[in-house]
Amino acid sequence: MADPIRWARYRWQRLISTEGREVSSSSNSSSKRYQSSKTASKHRIVIPCLGHFKEEYEKVSKLYMNNKIRTTKYTLLNFIPRNLFEQFHRVANLYFLFLVVLNWVPLVEAFQKEITMLPLVVVLTIIAVKDGLEDYSKYKLDKQINNLLTKVYSRKEKKYIDECWKNVSVGDFIRLSRNEIIPADMVLLYSSDLDGICYIETASLDGETNLKQRQVVRGYSEQVSEIDPEKFSSRIECESPNNDLSRFRGFVEHSNKDRVGLSKENLLLRGCTVRNTEAVVGIVVYAGHETKAMLNNSGPHYKRSKLERKVNSDILWCVLLLILMCLTGAVGHGIWLSRYSEIPFFNIPGPDGKLIPPALAGFNMFWTMIILLQVLIPISLYVSIEIVKLGQIYLIQNDIDFYHEKTDSTIQCRSLNIAEDLGQIQYIFSDKTGTLTENKMVFRRCSIAGQEYCHEENAKRLESYQEMDSEDEDSADAQYASLNHMSKRRGHNCRAVNESLKKKSLDQLSGSYPVAGRENSASDVPHAGHVAFSSRIETDVVPDTQLLEKFSQISSHSYQQSEDAVSKLSLETTYIIDFFLALAICNTVVVSVPNQPRQKMRHSSLGRMPIKSLEEIRQMFQRLSVRRLSSSPLPSIKESSSESPNSFVSKLSIFKMKLASPALDGAAQRAAEPHNPDSPENPQLSEELDMVNVAAGSEHHSAGSSVKGSSPLSKLCYEAESPDEAALVHAARAYKCVLQSRTPDQVTVDFTGLGSLTFQLLHILPFDSVRKRMSVVVRHPVSNKVVVYTKGADSVMMDLLGTASEVGTKNSEMEQKKIKERTQKHLDDYARRGLRTLCIAKKVMSNEEYTEWLNHHFLAETSIDNREELLLESAIRLETKLTLLGATGIEDRLQDGVPDTIQALRKAGIKIWMLTGDKRETAVNIAYACKLLEPDDKIFTLKSQSRDVCALVMNKILEGIQKNTSAKKTKSQKLGNVSASPTTQAPAFSAEKCRAVVCCQATPLQKSVLVRLVRNKLKAMTLAIGDGANDVSMIQVADTGVGILGQEGMQAVMASDFAISQFRHLRKLLLVHGHWCYTRLTNMVLYFFYKNVAYVNLLFWYQFFCGFSGTSMTDYWILILFNLLFTSVPPIVYGVLDKDVSAEILMQIPQLYVMSQKSVAYLPSTFWITLLDAFYQSLVCFFVPYFTYYGSDIDIFSFGNPINTAALFIILLHLLIECKSVTWIHAVVIVGSILFYFVFTLAFGATCKTHNPPSNPYWIMERHMTDPVFYLVCLLTTCVALLPRYLLRVLQGTLFPSPVMRAKHLDKLIPEEQREAIKRWKDDCVVNCRMEFQVTSGSSSSATGAVSEEESIASVLPTSKTPLQFCSRGGLVEEVSLSDIQDESGNTNSLSSERTVFLNLSKETNSDSYGSSNCCAKVSQRTSEEGKSAISLAGLNTEQV
Amino acid sequence: MLVSWSASEGFAPQEAEARPSRCPDNSAFKQQRLPAWKPQLTIATVLSTFFLTGAFCLSVGICLILSANSVREIQVYKCSDCSKLRENSYNWNIECLCSVDFKLKEDMLGDVFMYYGLQNFYQNHRRYVISRSDAQLLGRDVNRSYCAPFTTYNNGTPMAPCGAIANSMFNDTIDLFYNFNSSVIQVPLLKTGNSWWTDKNVKFRNPQSHNLSSAFAGTARPPYWQKPVYLLDEEDERNNGYINDDFIIWMRVSAFATFRNLYRRISRKRHFADGLPAGNYTFHISYNFPVTKFKGKKYVILSTMVWSGGSNPFLGIAYVVCGAAATLTGFIITAIHLKLRKKKTYFQK
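Residues numbered from 1 in each chain as written. Chains lettered and ligands numbered in written order. Predicted model: local features only at pLDDT ≥ 70, side-chain atom pairs only at ≥ 80, totals over all residues. Heavy atoms only, no water.

Draft legend 1. Spotlight on the overall build of chain B. Counting secondary structure elements, chain B contains 11 helices and 12 strands. For 349 residues, the compact-globule formula gives about 20 Å, and the C-alpha radius of gyration of chain B, at 33 Å, lies well above that figure. C-alpha atoms of chain B, sized along the principal axes, occupy 105 × 65 × 40 Å. Scored against the burial criterion, the 349 residues of chain B give a buried share of 49%. Within chain B, contacts between residues at least 6 apart in sequence are counted, and of these 79% link residues at least 24 apart. Element-wise, carbon and sulfur atoms account for 55% of the exposed surface of chain B, whose accessible area totals about 16900 Å². (Helix = DSSP H or I, 4+ residues; strand = E, 2+ residues; numbered from the N terminus. Rg over C-alpha atoms; globule rule 2.2 N^0.38 Å. Buried < 20%, exposed > 50% of the residue type's maximum accessible area, 1.4 Å probe, protein only. Contact = heavy atoms within 4.5 Å. Areas by Shrake-Rupley, 256 points an atom, 1.4 Å probe, with all protein chains shown as cover.)

In structure tokens:
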């Protein structure tokens, strides 16, 4: 019963917290608390709200939330109090509130009471309007979602009727059709799929575009007809709502007390889309805010930029200054008062006719002065900063250079308040796959049986793609997309029309923010957007001519020489056939047909073949279990057991399928052990020949059919979980070895030369990072032998090859060895070229061997205690004595412009770390390819198992660096192991001396730990960029997170502050927008300080002449409005639009970035110089009129008017001096401000006789307008005040131009001159950078003279603290070995809590991914359980370069 | 590109509608390519600004100094006997007259203005400045004002005018006599037209009534005053009550502690048609306003005016200095530029 309260508290906490990091953490912790308490207290019982349960239902389900969601913060009623409450959480607002209150104290009041409230009210109103608008848009979205329709079973009408989402409640039965969105978390009870499987797409939840399988609750899958809700009499008991997407526990209790367990496999999550399945029925268990998707919604995160923190500290200085000034006033007033022995006329006695003593009067004066001088603390600064940031973000978002035509996406700024941090980045942490590379795996080369096929034509094709600049491809994609879209529009029912709307709200459903780019492409472009890894560049493979010739031999052989072809078929041909079969089979690709996207392809080979050929090859395929799906509704168990002679095996295999599914989920972590069974290698050769023979015989019969079938074939869609798999399958297809269909127990491949072959799928041993390989066990349709196809990393595969073939002849043994050697050579070559390598191998088992293995395997699967270890062992036992077929080289092409970008960023003084889950060789190759490493760099490798060893190695490397620096010209690189434990910081410290660092085999957790280490220990600004779920933790930890809208989904984007579509966009984002945003904002902030100090000091100086009595010589209204109206817009325009250097120059001269990186524009000295200037200007502005009017009959407001007017001119013209570029907008705003001021004061002076009791500026301005002295005073004041600033700028601009100034000058040159100048710049840069550095930090880093450009930049970096930092090109390449994680998990609790957070994140991806990055996640998970074995594994591929 | 392609097709509108490109506008504003004036600090522009500023300031400054020099001004310190008398506030009732002789060495031509000057009188004290009621001075009833504690007497009679400013009004009377050939001629003085026209006609109004004394019935004079407000100028109905010029001028609070207020203008009649001729003059002062209380002093000032104001030469000097400084800076920059030109490696040619 306490649950609702807890729930309310939880929600309250979530809504209240406003600070960014705290939001997520507190919500996490609170939700955890909530979750644990819930689970501890009570489980959730779900009862259908139908029939005989009615009463019980009402009792139980009353407390459950319904499906209505409300993500808004406010309601109409509570908006004002709540918004005010939140706004007064800001210290600044509280301060101003305090001032307002203070002004109501009669003793100290300085202004008219109401007038002090004006600024505060304005500020609060602006912010409230902004908040309100934001909330309103959320409200509209909520409403849209709440009113979506879905089919809910109605008891009255005994059928499913349309119902709004908000009316769905727990216990409802919901029927969904294909492509519909799931409205609430529900347990799957019925699927139209015969296997009881339902496919869902979780793209809106985690962004993964591949399909996930969900299963009908056991016991219900056997039902042939749709479930009837009326007859459903079971009750469901499950966990209380929690935010763990990867877990669901519960059971169904039937009326006869039988219990059936529920797992996450049975749960359909809100926000996901049903795919491939005609209809599903489920019962809602969690609704609305209690769904897992909503609980996972942590809302937007706020970060505070470095600049803002600095501004806050400077505001503290201002406060100090204010106190000082007020103290001066207080003391001065006391002294002034004490001079008078009796009451003078002008000092008004208190009510009792006595004067308060000077000390008390001084104390009161202190507060009065605080009110009077309050403008010193710029209240408008915060509002202005927010507005300026909005403007900057708007401009960034509208930059056409960030537009990526292919995906029709542009940059998304998800975090509104850290744009200026982009200008200060010192470290970039980059993911590799998908970030630096396109994540489009392209089949490049292969080596079969020791013979290399380099696919020249394919390479040419790829080049042509590059040349085409992707334009052609795009238009093709677009055409295709639009056509598809059209057909979809016509073809689908009205529901489909609604789909785009639904899609748009999907993000909201899943509790995330609307994201541009994906939804539309997802809904409209099923081919290009939906199916991952299927762009033309990936799918089209031009076959190698040489290899094609050999293929044709297969066919012709089989045609011409029928029976005796066996002998003539060379060994090589069989290798080729097996190789491509392995490519096609050994994967987990799902096949679908594009015009019916997500429709599972169930291919019946019999239906396709002509009867004649069926008759002829019947005996060859006799024992093959062919599943006639179209005709047979029977479950596969029965069928296969009836047809297969080896029924036991089949049964087992099916049993395995059921059992193995949890293992696929990523929970299966296996300890690898060197395993060398000594069973003899199978005589595969003869079998191969046999198979080919048989196949050849059937060839000419099936040829016709395959031609006929080719047109639908070409439209097959492969949905792979990893791009490599897709690339291999597509490559196989190019050689007419087409994967036709895949079901849980069979695979059909259409092989041109051989016809359609259907393999009975016995086992899939999924990929894991320990084994680094995957295998499929199939029963070959021709030979009826059990064949194992394995593909995996060469480092492991080479050791598993059968060494001594007992059965084979000596000849073949020799052959094998030769093949192995040559393949290894090719593999090395591939790795050098930066290709991802895979080895393909096979193994033929006899039935006896298989049965023996199967028994063991069966035992492993059924064991409960250490099932995973046993399964791993079992897999290892199977994967031995393999025959090497060949190797493939897959290219993951670098994205356009990556090397240029990296080079530019490096020149900009940014250190780039590459963190990847890949193995070291690939990582280093990519690093070379993208110019992260240069050929003449020296690489250090650091890897170790323990911290001590690590430290030792580190020291050695440090020494090495030192030596290198003395040699000066030697460039050094390190490949090191970051022992990320908090106690050893040596790696980080040495890392700061390195130019580049590559971390290999990094798990997501390690990535984030590294980022945190650098961020905290080096106090550096970090940027993390990544595209996948594995980068999320790193993106969140970094100061600035950048997500790439890649192929891996939205998770990284959701977590990021900025989302871009290409890595190369980072260049402009940082170098141009970062620079601009930073300089603009700093200049604006400094200007604000200047403005306020200059203006307030006018009042302060006057205090010296009015007995420190707190008089202001300006009318209060004008005083207040001066900041609020007359001078507020120009700085904002300045902050949004000022452009010191043009984008082109900034792009071409990355060195300019150092200026903003080192905060040159906003050093402490700049702040004080600005204040000094403000003091000077206010002095001039006050004393020129003072001396002019001294001793005259001027009255107080007539004296204030020229001061105020001159101050306006000074302040606006000062802005003009500071402006680097003046557009018509600037001109309009500045002239407009001046005009507005005059119009206002004239109007005010003309109308205000008594409206403003204490002060009365009546007719003053009018009089002054006719007085020449007024103009002369204003002119002189303005001139004298601005002269020094102007002189300073003149001297800076002509005599000691800063790089920015010089760059600005470049803009003016004609192009040729410009080019030459830029060239000259690079020679010049050394001198300048060093000069800048000395200016900035004052530390005389004694970087020596004749060093290269990079070196000089390095010397600019703040890292120069110890004597050894001369090494500028020193770089670190780090390899994180598994041991570190273990160290760490043992060490700190905070880190282990992180781990859980991360695991939550990664589990979803773990479930069925092949990607190497995910394997890391598995490892990290595993290490916590049993570290030792992992360490030994980690040692496998770490070596000194 | 996408849009242009689809526009040529038959189903273009629908298509474009369904899939609006996210491509941002290629407008100058959004791409931050607005034509901009980039102030370049080249040597030519810099030098021209300095020299032009210098020349302008110098010329203006010289003009100002010349015109300020033509102003004739004489300050006369007031009698010390009476000031001693007024030191004791019990003597406030005792009349004190004093006369001060002075000599004009040269003619004061043109309009001559007579000021009274006060030193160390902090009229600009915050609470003093606000201690008035503009509404009352407009002839309206006062409900709320900042006049306290000079709003009402203890018996509830409101003060008219209220507030500390009015209460402390300068109440000396000064007459000027010209000793012409041993005969004493009173210099005719104008007591109206000294205040701002807008003050006299808009900002200050007497309460509406058939005569002035009934208008102020039920009110009392401020404590320091010797006569009620409707007797400020008994001779001229239009200079009485709140619209009395002396009162209006006093109510215009001065900016500094040392200030002067216009008291009278010399009426340019007969002998004084061209101003004040050189010779011996005498001030006859009825000394009422005590200054020793706040350690202040009183003066009487006679001054002429020019377009640039009074005799204060500061503005002219400041202009000259500023102009000189700007010119000098220009020369220095030229020198530096010439010296460094050979060494220059930057892009300015």
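And the narrative resumes.
Draft legend 2. Focus on the state of the cysteines. Applying the stated criterion to the full structure yields two disulfides over all chains. A sulfur-sulfur separation of 1.6 Å characterises the disulfide bridge that pairs C82 of chain B with C96 of chain B. Taking the sign of the S-S torsion, -80° for the link of C82 of chain B and C96 of chain B, the bridge is left-handed. With C82 of chain B in helix α4 (residues 80-87) and C96 of chain B in the loop between α4 and β3 (97-104), this pair connects stretches of sequence that are 14 residues apart. A disulfide bridge connects C147 of chain B with C162 of chain B, and the sulfur atoms are separated by 1.9 Å. Within this pair, whereas C147 of chain B is found in the loop between α6 (134-137) and α7 (164-167), its partner C162 of chain B is found in the loop between α6 and α7, the two being separated by 15 residues in sequence. Both residues of the pair, C147 of chain B and C162 of chain B, count as buried. C586 of chain A takes part in no disulfide bond, and the closest cysteine sulfur to it belongs to C839 of chain A, at a distance of 12 Å. C586 of chain A gets classed as buried once you look at its relative accessible area, which sits at 1%. Left without a disulfide partner, C737 of chain A is nearest to the cysteine sulfur of C446 of chain A, which lies 12 Å away. (Disulfide = S-S within 2.5 Å.)

Draft legend 3. Representation of the interface of chain A and chain B. Across the boundary between the two partners, chain A contributes 113 residues, which contact 97 residues of chain B. Across the chain A/chain B interface, buried area totals approximately 9800 Å², and carbon plus sulfur atoms make up 64% of it. Between chain A and chain B we count one salt bridge in total. A salt bridge links R252 of chain B to D1195 of chain A; the shortest N-O distance between them is 3.1 Å. On inspection of chain A and its partner chain B, the count reaches 23 residue pairs in polar contact (both at pLDDT 80 or more). With 15 residues, helix α49 (residues 1268-1294) of chain A is the largest single contributor of residues to the side of chain A that touches chain B. Among the residues making up the side of chain A that touches chain B, the classes are represented as 60 nonpolar, 30 polar and 23 charged. (Buried area = accessible area lost by both parts, 1.4 Å probe. Salt bridge = Lys/Arg side-chain N within 4 Å of Asp/Glu carboxyl O. Polar contact = N/O pair within 3.5 Å; in protein donor to acceptor, adjacent residues only side chain to side chain. Nonpolar A, V, L, I, M, F, W, Y, C, P; charged D, E, K, R; others polar.)

Draft legend 4. Main features of the UniProt feature "transmembrane region" (unreviewed entry) in chain B. All names here are of chain B. When the UniProt feature table is mapped onto this chain, "transmembrane region" (unreviewed entry) is found at residues 41-68 and 314-338. Secondary structure content for residues 41-68 is 93% helix and 0% strand, while the C-alpha to C-alpha distance between its ends is 37 Å. Helix makes up 100% of residues 314-338 and strand 0%, and the two end C-alpha atoms of the span are 36 Å apart. (UniProt positions renumbered as here; feature names shortened; annotations may be inferred.)

Draft legend 5. Main features of the sheet that holds strand β2 (residues 73-77) of chain B. Residues and elements named next belong to chain B. Judged by pairing direction, the sheet is antiparallel, and its five strands sit side by side in the order β2-β12-β5-β9-β8 without closing on themselves. Looking at which strands have only one partner, the edges of the open sheet turn out to be β2 and β8 (189-190). Relative to strand β12 (residues 297-304), β2 runs antiparallel, the two sharing five bridges. Paired with V76 across the strands is V300, a residue of β12. (Pairing = 2+ DSSP bridges.)

Draft legend 6. Quick look at helix α28 (residues 723-734) of chain A. Residues and elements named next belong to chain A. When the terminal C-alpha atoms of α28 are compared, their 16 Å separation across 12 residues agrees well with the 16 Å that a helix rising 1.5 Å per residue should span. Judged by how many residues are buried, α28 sits mostly within the fold: 12 of 12 residues are covered. All of the buried residues in α28 are P723, D724, E725, A726, A727, L728, V729, H730, A731, A732, R733 and A734. One or two residues past the end of α28 sits K736, with phi positive at roughly 60°. (Expected span 1.5 Å × (residues − 1).)

Draft legend 7. Representation of unusual backbone geometry within the structure. In this structure, P161 of chain B follows A160 of chain B across a cis peptide bond, with omega equal to -5°. Structurally, P161 of chain B is set in the loop between α6 and α7. Positive phi outside glycine occurs at F1108 of chain A, with the angle close to 50°. Turning to its location among the elements, F1108 of chain A is positioned in the loop between α40 (1065-1103) and α41 (1116-1126).

Draft legend 8. Fine view of a nonpolar patch on the surface. Together, V105, L107, I356, L360 and F363 of chain A line one region of the surface with nonpolar side chains, adding up to about 430 Å² of accessible area. Relative to the assigned elements, L107 of chain A resides in the loop between α5 (91-103) and α6 (117-146). (Patch = residues over 30% accessible without salt bridge, like charges linked within 9 Å, V, L, I, M, F, W, Y side chains within 5 Å.)

Draft legend 9. View of the nonpolar core. Of all hydrophobic cores here, the largest spans 199 residues; its most connected members are F1199 of chain A together with W250, L276, F283 and L302 of chain B. If you tally residues by element for this core, the top one is α40 of chain A, at 18 residues. Those residues in contact with F283 of chain B, other than ones at most four positions away along the chain, are V76, C98, S99, V100, F102, M114, I174, D175, L176, V300 and L302 of chain B. By size, the runner-up hydrophobic cluster in this structure holds 68 residues, among which are I448, Y735, F751 and V778 of chain A. (Core = buried A, V, L, I, M, F, W, Y, C linked by side-chain atoms within 4.5 Å.)

Draft legend 10. Spotlight on the UniProt feature "active site" (unreviewed entry) in chain A. Residue and element names in this part refer to chain A. Sequence positions flagged by UniProt for "active site" (unreviewed entry) are, in local numbering, D431. In this structure, D431 sits in the loop between β15 (427-430) and β16 (437-448). Residue classification places D431 among the buried positions, given a relative accessible area of 4%. When near neighbours in sequence (up to four residues on either side) are disregarded, D431 contacts L436, L915, K1007, I1025, G1026, D1027, D1031 and M1034. One polar contact links D431 to T435, side chain to side chain, over a distance of 3.3 Å.

Draft legend 11. Here's a closer look at the pattern of salt bridges. Residue and element names in this part refer to chain A. Here the structure, examined in full by the defined rule, presents 32 salt bridges over all chains. For E386, the salt bridge identified is with K130, shortest N-O distance 2.9 Å. You can see E386 sitting in helix α11 (residues 379-397) and its partner K130 sitting in helix α6, a full 256 residues away along the chain. Judged by relative accessible area, which is 23%, E386 ranks as partly exposed. In this structure K130 comes out as partly exposed when scored by relative accessible area, which is 28%.

Draft legend 12. The packing of α11 of chain A against α40 of chain A, seen in detail. All names here are of chain A. Running from N to C, α11 and α40 point in directions that differ by 160°, and their axes come no closer than 11 Å. The orientation of α11 relative to α40 falls into the category roughly antiparallel. α11 and α40 meet at a crossing whose hand is right-handed. Of α40, the residues touching α11 (which contributes S380, L381, S384, I385, V388, K389, Q392, L395 and I396) are L1069, H1073, C1077, R1080, L1081, M1084, V1085, F1088 and F1089. Across the contact of α11 with α40, the residue classes tally to 12 nonpolar, four polar and two charged. (Axes fitted to C-alpha atoms, helices over the stretch in contact; angles between N-to-C directions. Parallel < 35°, antiparallel > 145°, perpendicular 65-115°, else oblique. Left-handed = near helix turned anticlockwise from the far one by under 90°.)

Draft legend 13. Representation of the pairing of strand β7 (residues 183-186) of chain B in the model. Residues and elements named next belong to chain B. By the bridge criterion, four bridges tie strand β6 (residues 173-180) to β7 in an arrangement that is antiparallel. Paired with Y178 across the strands is I185, a residue of β7. Adjacent in sequence and paired antiparallel, β6 and β7 are bridged by two residues, among which N181 carries a positive phi angle near 50°.

Draft legend 14. Molecular detail of the sheet that holds strand β10 (residues 259-262) of chain A. Residue and element names in this part refer to chain A. Strand order in this open sheet of four strands is β1-β8-β9-β10, and the pairing throughout is antiparallel. Pairing within the sheet leaves two strands with one partner each, and these edge strands are β1 (44-46) and β10. When strand polarity is set aside, the average angle formed by the axes of neighbouring strands in this sheet is 20°. Looking at chain direction, strand β8 (residues 235-238) and strand β9 (residues 250-253) are connected through four bridges and run antiparallel. In the strand pairing of β9, E237 is matched with F251.

Draft legend 15. Highlighting the confidence of the model for chain B. Residue and element names in this part refer to chain B. In the predicted model, chain B carries a mean pLDDT of 83, and the fraction of residues at 70 or more is 90%. Contacts from residues 1-19, a stretch scored under 50 in pLDDT, to residues over four places away or in other chains number 21 contacts. Here residues 345-349 is a poorly scored stretch, pLDDT under 50, and it has 13 contacts once near neighbours within four places are set aside; other chains count. (pLDDT = per-residue confidence, 0-100.)

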